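# Secondary and tertiary structure notes
So you can see what is in the structure, the chains are spelled out below.
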Amino acid sequence: MSAKDIKVDESAAVDAEVADKTVHDVLAEYLVEARLGGSEKNRTKIKESGKMLVRERLAHLFDDEEYVEDGLLARFTEGLPGDAVVCAYGKVDGRQVCVIANDYSVKAGTWGKRTFEKITFAQETATAAGIPIIYLFDSAGARIDEQLDSFAGRHAWGNIFYNQVQISGRVPQVCALFGPSPAGSAYVPALCDLTVMVRGHATAYLGSPRLAEMVTGEKVTLEEMGGAEMHCTVSGLGDVLVENDIEALDAIRVWLSFLPANWELPAPMAEASEPREGRKLSDIVPLREAEVFDMEEFIESLVDEGSYFPYKELFAPEMITAFARINGQPVGLVANQPMHMGGAIFPNSSDKAARFIWICNAYNVPIIFLVDIAGYMIGSEVERQGIIRHGAKMIFAVSECRVPRITVLVRKAYGGGYLAMSGAPMNPDAIIALPTARPALMGPDAAVNGVYYNQIHAIEDPAERKAFVAEKQAEYAEGIDVFKIADANAVEAVVPTDELRDDLTKRLYLYKKRKAVPVERRQAVTPV
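What counts and what doesn't
Residues numbered from 1 in each chain as written. Predicted model: local features only at pLDDT ≥ 70, side-chain atom pairs only at ≥ 80, totals over all residues. Heavy atoms only, no water. Pairing = 2+ DSSP bridges. Helix = DSSP H or I, 4+ residues; strand = E, 2+ residues; numbered from the N terminus. Axes fitted to C-alpha atoms, helices over the stretch in contact; angles between N-to-C directions. Contact = heavy atoms within 4.5 Å. Buried < 20%, exposed > 50% of the residue type's maximum accessible area, 1.4 Å probe, protein only. Parallel < 35°, antiparallel > 145°, perpendicular 65-115°, else oblique. Left-handed = near helix turned anticlockwise from the far one by under 90°. Nonpolar A, V, L, I, M, F, W, Y, C, P; charged D, E, K, R; others polar. Phe/Tyr/Trp six-rings, centres within 6.5 Å; stacked < 30°, edge-to-face > 60°. Lys NZ or Arg CZ within 6 Å of the ring centre and 35° of its normal.

A few words now on the sheet that holds strand β1 (residues 67–70). One open sheet holds the 7 strands; their spatial order is β1-β2-β3-β4-β5-β7-β9, and the pairing between them is mixed. Each edge of the open sheet carries a strand with a single partner, namely β1 and β9 (240–242). Each adjacent strand pair in this sheet contributes to an overall mean axis angle of 20°, direction not counted. Seen against the sheet, helix α4 (residues 115–129) touches β1, β2 (85–92), β3 (95–102) and β4 (133–137) and runs at an angle of roughly 20° to β2.

In structure tokens form, the structure reads like this:
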């Protein structure tokens, strides 16, 4: 090689070095600008409204604020960095997760022609890796001006919902709503396993108040139409109501701690702790059936302190559904709440319990049923609401459940309510009776009235009639004495109330060792 050739090569190398440096500088500038999101004006407005910016949420959620991000520069040159969505992967409490988060500072977090590509790719990546998906939603919906690129055809916004259904039960999906989620985007929280909503900020609706007034003439506020409080108390779309962004992110962290990363793994154990200080279980449960008690107090005195995490706490409160731990073991709790409507099952409470049971069954979380129920609610109003149809849904969920189930008869366990609460014919792993348990087809009041109706009304003297009824009720009650039930081998054990926690601990350890085998079929026809 000649000296001239060498000189030329050296010159070319200098030019390349300058070019590379320029490219690196440009990239650095692009990355910094893209991570800022939208304009400073938009970011300031979000902060002033009391909300966090999208990357502030990610920094709070991920361990050590560390994560990797896909598609950061998508549509950056068009002034839409990331096309208004952040798709990131990092660790939460040491476990890998995928986060899909709207950036409200970029065109109000709306969905564009690259948004669904990023979201669906993240969904597929997370499912293949077997890690949970967290949706942080804060979006004004799909962009009408880009519908020709994104609505019709096989590759479109609808792929997001299709993927959610395919993913369901494979990896946990949780959604936090920090702001709006209108029209089609409202189905993302509806298709998740858990939906957390921020009071005063989160909204979800198919049609806005303005559209509703135009179409139906109805005048309604945004909060009345689809606010967080409405959805957590009335519609049931929201599962957890929180006051701010931080509480929403912390709720996600706690909820994920009860579940495995995917359906093939066991539910994760935690360090055991004693129940909170308070009354003994035996002091909480009254001996008299007519006397109510707070089932939440009973639960808090049973489970590890600080582990109680209610699901749909404000919706259908007559039925308690919650995650908790017993000696570090995650469990799902389904319990009647005598403090609300006597703990009877209504259409909404049946739906609530069925969905919770499906979640536990999907992710290997054992379920404990705490029974104090007079049965399904009766009357013309609930019949018109479809109590039979909705009630069948809960029985269906219990019957197809394959994770360990332990049913605790706390007090009354009457009629169809006993079956819905995983009674013996539903084949739980064990039926445990407390000394206060009273399982029967119906309670003494209803039974005596049904059997002796004519005789009762034939007695003219009120005092004599009252004495007759009391006598027959006492006779009936003797027939459902817990020891007679045990003598008939209708329960696995009668356990002293204050020894229940220890008994459950041992049984959970035993039953989780068995293999869960689902019924072989293509598709069960679920009641709706």
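Residues other than glycine seldom take positive phi values, yet E65 does so here, at roughly 60°. Inspection of the secondary structure puts E65 in the loop between α3 (54–61) and β1. Positive phi, normally seen in glycine, also occurs at S422, with a value near 65°. Tracing the backbone shows S422 in the loop between α17 (415–420) and β15 (430–433). The exposure class of S422 is buried, given its relative accessible area of 0%.

Next up on the list: the packing of α3 against helix α11 (residues 245–257). Contact geometry for α3 and α11: axes closest at 10 Å, N-to-C directions at 40°. Here α3 is positioned oblique relative to α11, judged by the angle of their axes. Remark: the crossing between α3 and α11 carries right-handed chirality. Taking contact as the criterion, the partners of R57, H60 and L61 in α3 are, on α11, D245, I246, L249, D250 and R253. When grouped by side-chain class, the residues that make up the contact of α3 with α11 number 3 nonpolar, 1 polar and 4 charged.

This part takes up the packing of α4 against helix α6 (residues 158–167). The geometry of α4 relative to α6 is characterised by a closest axis approach of 9 Å and an angle of 10° between their N-to-C directions. Accordingly, the angle class assigned to the pair α4 and α6 is roughly parallel. Together, F116, I119, T120, Q123, E124 and T127 of α4 and N159, I160, N163, Q164 and I167 of α6 make up the contact between the two elements. Residues belonging to the contact of α4 with α6 are distributed by class as follows: 4 nonpolar, 6 polar and 1 charged.

The next point concerns the environment of K21. Mapped onto the elements, K21 comes out in helix α1 (residues 3–36). For K21 and V86, which are 65 residues apart along the polypeptide, the C-alpha to C-alpha distance reads 28 Å.

Moving on, we get to the packing of aromatic side chains. Under the criterion given, the structure shown has 11 aromatic pairs. An angle of 85° between the planes, with centres 6.1 Å apart, marks the rings of W111 and F137 as edge-to-face. With W111 in the loop between β3 and α4 and F137 in strand β4, the pair connects residues that are 26 residues apart, well separated along the chain. Judged by its relative accessible area of 2%, W111 falls in the buried class. Grouped by ring-pair contacts, the aromatic residues W111, Y135, F137, F161 and Y187 constitute a single cluster. Directly above the ring of Y104 sits K51, whose terminal nitrogen or CZ lies 4.5 Å from the centroid. For R57, the ring lying beneath its charged end belongs to F178, and the centroid distance is 4.0 Å.

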